[in-house]
Amino acid sequence: MDVTEQTFDTAVIERSREVPVVVDFWAEWCGPCHALAPVLEGEVESRGGAVELVKVDVDANPALAQQFGVSGIPAVKAFRDGRVVNEFVGAQSGASVSSFLDAVLAPPRADALVEELRERGELPNVVAALDAGDIEGALDLILDAVPTAAPEERERLREVAVAIFERLGQDDPIASAFRRRLATALY
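Residues numbered from 1 in each chain as written. Predicted model: local features only at pLDDT ≥ 70, side-chain atom pairs only at ≥ 80, totals over all residues. Heavy atoms only, no water.

**Structural notes on the pairing of strand S2 (residues 52-57)**
Piece 1. Bridge analysis of strand S1 (residues 21-26) against S2 gives 6 bridges, and the strand direction is parallel. Considered in S2, the bridge of Val 23 is made with Val 54.
Piece 2. Crossover handedness for the path S1 to helix H2 (residues 31-45) to S2: right-handed. (Pairing = 2+ DSSP bridges. Helix = DSSP H or I, 4+ residues; strand = E, 2+ residues; numbered from the N terminus. Right-handed = clockwise from strand over helix to strand, strands pointing away.)

Written out as structure tokens, the structure is:
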């Protein structure tokens, strides 16, 4: 499906809240774009609807290319929950594209860690806060536990906090604020 500046928010940002959306930024004159297209289409198709593919012609939609920092094409960006979660530039092999899509479709590390914590009965207050959608509360609990934690517990607290930061995204203000606080508490 071709996406334009007018349809991008609905077709990509909003749709990525339901299913991952891979955006192929390309141009008609670009040879590597034409080489990548069938590889990308085949790999997406083989995933049976678990991921969707859209194409953005950078010549017809320069504002989108600029907004997403496209400086070389083909540029492929995967969106989940309204943000870019993975990307690559240049023509890639089928195996490389397959690995890229596998990473996009893998559950976020935070989800796996929370399930692990739940199963082991670790950090029950943190799990409860996350289940309630209180991310800041969960991060506060983690930071409060760091100063008195044994070294292996400190590493586990760091691991959980970093996974939450990854889930929030690099530019998220909560992640930025708590990342600094975690670094201070750990070191």
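**Observations concerning helix H8 (residues 151-168)**
Piece 1. When the terminal C-alpha atoms of H8 are compared, their 26 Å separation across 18 residues agrees well with the 26 Å that a helix rising 1.5 Å per residue should span.
Piece 2. Among the residues of H8, Arg 156, Leu 157, Val 160, Ala 161, Ala 163, Ile 164, Phe 165 and Leu 168 are the ones counted as buried.
Piece 3. In this structure, the buried residues of H8 make contact with strand S4 (83-89), helix H5 (109-120), helix H6 (124-131), helix H7 (135-145) and helix H9 (173-186).
Piece 4. Note on H8: the residue one or two positions beyond its end, Gly 169, has a positive phi of about 105 degrees. (Expected span 1.5 Å × (residues − 1). Buried < 20%, exposed > 50% of the residue type's maximum accessible area, 1.4 Å probe, protein only. Contact = heavy atoms within 4.5 Å.)

**Considerations on the state of the cysteines**
Piece 1. According to the stated counting rule, one finds 1 disulfide in the structure shown.
Piece 2. Two residues share a disulfide in this structure: Cys 30 and Cys 33, whose sulfurs sit 2.4 Å from each other. Because the sign of the S-S torsion sets the handedness, a value of about 80 degrees for the bond joining Cys 30 and Cys 33 places this disulfide among the right-handed ones. The residues Cys 30 and Cys 33 share a single accessibility class, namely buried. (Disulfide = S-S within 2.5 Å.)

**Digging into the layout of surface pockets**
Piece 1. Within this model, the largest pocket holds a volume of roughly 460 Å³.
Piece 2. Contributing to the lining of the largest pocket are 20 residues, with Arg 83, Val 84, Val 85, Asn 86 and Glu 166 lying nearest its centre.
Piece 3. Mapped onto the lining of the largest pocket, the elements with two or more residues apiece are S4, helix H4 (94-105), H5 and H8.
Piece 4. The residue makeup of the lining of the largest pocket, split by class, is 10 nonpolar, 3 polar and 7 charged.
Piece 5. Taken together, the elements giving at least two residues each to the lining of the second largest pocket come down to H5 and H8.
Piece 6. Taken together, the residues of the lining of the second largest pocket sort by class into 6 nonpolar, 1 polar and 2 charged. (1 Å grid on protein atoms, 1.4 Å probe; cavity = no way out; pocket = protein on both sides within 12 Å on 5 of 7 lines; lining within 4 Å. Points joined across faces, edges and corners; volume = space filled by probe spheres on them. Nonpolar A, V, L, I, M, F, W, Y, C, P; charged D, E, K, R; others polar.)

**Digging into unusual backbone geometry**
Trans peptide bonds make up most of the peptide bonds, and negative phi angles are found at most residues other than glycine.
Piece 1. For the bond running from Ile 73 to Pro 74, omega is 0 degrees, close enough to zero to count as cis.
Piece 2. Within the element layout of this structure, Pro 74 appears in the loop between helix H3 (62-67) and strand S3 (75-80).
Piece 3. Positive phi outside glycine occurs at Asp 81, with the angle close to 50 degrees.
Piece 4. Its location among the elements puts Asp 81 in the loop between S3 and S4.
Piece 5. A relative accessible area of 39% places Asp 81 in the partly exposed class.

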